[in-house]
Amino acid sequence: MKQSIIQWFRFASPQSFYPLAGRMIPWFWAAAAAFGIAGLWISFFVAPTDAQQGEGYRIIFVHVPASWMSMFIYLVMAFWAGLGLALNTRLSGMMAQSLAPTGALMAALSLWTGALWGKPMWGAWWVWDARLTSELILFFLYLGFMALQAAIDDPRRADKAGAILALVGVVNIPIIYFSVKWWNTLHQGSTINLTKAPSMAQTMLWGMLLMALCFWMYSIAVALTRVRAIILERERHTEWVKHALE
Amino acid sequence: MHWNSVGEFFAMGGYALYVWGSFGACALLMVAEPFLAKRRLSEVRKSLIRERLADELETQQRTP
């Protein structure tokens, strides 16, 4: 095998990734804390009162980050699951398995905070509109992925089955994203687009973006911690694990 | 900063239940989840150490 400039698969084995993840985790916690403190400061002490929603709109500073993360984590999870399916790599499957609970948590928070926002503003805890329903389906997909993997004894077969479920479920992500454009929904339309400037106040936007970064760094930190546990659990029969805890 | 008092801050203009219910749930779950993940890691480590000790005991018993 010729030595290429970029070693693409250097950290593709559980053995080499385990210590790398261990070194990365504290940095992601530090980043999460920094973004979180800055974001919360803006959320409560800089962003002004909303003309229509008063102080109630501040839920946006956790609702949007949780919703974005619920969708993004699913894409990352499906990516690793699909890669594991295609290349038959164990670590990819472990990463997908590690991301699922965090993604489920974000989806649950999106639904919870959304309901708490909807009640005072729309008068309803829940409506079966396109965005809310597709986010609920996303939450069920996460739970289904976790349940399916838990139900299969052989971890490699569980990886493969989960990967197929994750990949089929990916269609839900553009549905959630475009739901407010395609259907007549109660949920408001998109304020942040790829093609035009955001239509919200600067300070509100900054608060939202900083909190989104905080949730992102948090998700990585937790997923890396969990994948380390999964690596040790699934590789316990190997020599390096036996010697790793000396 | 536009809060005239701590009470005003906690009242959130009448939306206290909804705003603090949201931030509270986030804080709760985002503390519980890393705690559970860390615990899972430490449990598997302890289990591996126990396994190794059991192996060592077994080999000691076989070679008196």
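Heads up: the structure comes first, above all this text.
Residues numbered from 1 in each chain as written. Chains lettered and ligands numbered in written order. Predicted model: local features only at pLDDT ≥ 70, side-chain atom pairs only at ≥ 80, totals over all residues. Heavy atoms only, no water.

Asker: Just to check I follow, could you spell out the layout of surface pockets for this structure?
Answerer: Where empty space is left can be seen by rolling a probe of water-molecule size over the atoms. Residues and elements named next belong to chain A. Taken as a whole, the largest pocket encloses approximately 1600 Å³ of empty space. Around the largest pocket, the lining comprises 49 residues; the ones closest to its centre are Val64, Trp68, Arg131, Ser190 and Thr191. Element by element, the count of residues in the lining of the largest pocket is highest for helix H2 (residues 60–87), at nine residues. Residues of the lining of the largest pocket, tallied by class, amount to 31 nonpolar, 14 polar and four charged. Roughly 530 Å³ of internal volume is contained in the second largest pocket. Forming the walls of the second largest pocket are 25 residues, and the residues nearest its centre are Phe17, Val76, Trp80, Leu91 and Met95. (1 Å grid on protein atoms, 1.4 Å probe; cavity = no way out; pocket = protein on both sides within 12 Å on 5 of 7 lines; lining within 4 Å. Points joined across faces, edges and corners; volume = space filled by probe spheres on them. Helix = DSSP H or I, 4+ residues; strand = E, 2+ residues; numbered from the N terminus. Nonpolar A, V, L, I, M, F, W, Y, C, P; charged D, E, K, R; others polar.)

Asker: How should I be thinking about the packing of helix H1 (residues 14–46) of chain A against helix H7 (residues 202–234) of chain A in this particular structure?
Answerer: The axes of two packed helices give the description: the angle between them and the distance between them. Residue and element names in this part refer to chain A. Orientation of H1 relative to H7, taken along the N-to-C sense of each, is 155 degrees, at an axis distance of 7 Å. With respect to their mutual orientation, H1 and H7 come out roughly antiparallel. Classified by chirality, the crossing of H7 by H1 is left-handed. Among the residues making up the contact of H1 with H7, the classes are represented as 30 nonpolar, seven polar and one charged. (Axes fitted to C-alpha atoms, helices over the stretch in contact; angles between N-to-C directions. Parallel < 35°, antiparallel > 145°, perpendicular 65-115°, else oblique. Left-handed = near helix turned anticlockwise from the far one by under 90°.)

Asker: Just checking my understanding: could you explain the state of the cysteines for this structure?
Answerer: Here, disulfide denotes a covalent bond that connects the sulfur atoms of two cysteines. In total, this model carries zero disulfides over all chains according to the counting rule given. Unpaired in this structure, Cys214 of chain A has its nearest cysteine sulfur neighbour in Cys26 of chain B, at a distance of 9.8 Å. The class for Cys214 of chain A is buried, based on a relative accessible area of 10%. On the basis of relative accessible area, Cys26 of chain B is assigned to the buried category, the value being 4%. (Disulfide = S-S within 2.5 Å. Buried < 20%, exposed > 50% of the residue type's maximum accessible area, 1.4 Å probe, protein only.)

Asker: What is the right way to look at a nonpolar patch on the surface in this model?
Answerer: Residues and elements named next belong to chain A. Taken together, the side chains of Ile5, Ile6, Trp8, Phe9 and Leu87 make up a nonpolar region of the molecular surface, amounting to roughly 690 Å² of accessible area. The topology assignment puts Ile6 in the segment before H1. Look at Ile6 and you get partly exposed, because its relative accessible area is 47%. (Patch = residues over 30% accessible without salt bridge, like charges linked within 9 Å, V, L, I, M, F, W, Y side chains within 5 Å. Areas by Shrake-Rupley, 256 points an atom, 1.4 Å probe, with all protein chains shown as cover. Salt bridge = Lys/Arg side-chain N within 4 Å of Asp/Glu carboxyl O.)

Asker: Got a minute to help me understand the pattern of salt bridges in this structure?
Answerer: If the charged atoms of two oppositely charged side chains come close together, the side chains can form a pair. Evaluation of the coordinates by the stated rule reveals nine salt bridges over all chains. The partner of Glu43 of chain B in a salt bridge is Lys46 of chain B, and the shortest N-O contact between them spans 3.4 Å. With a gap of three residues between them, Glu43 of chain B and Lys46 of chain B both fall in helix H2 (residues 16–62), about one helical turn apart. One network of salt bridges, with partners in common, ties together Arg156, Asp159 and Arg234 of chain A.

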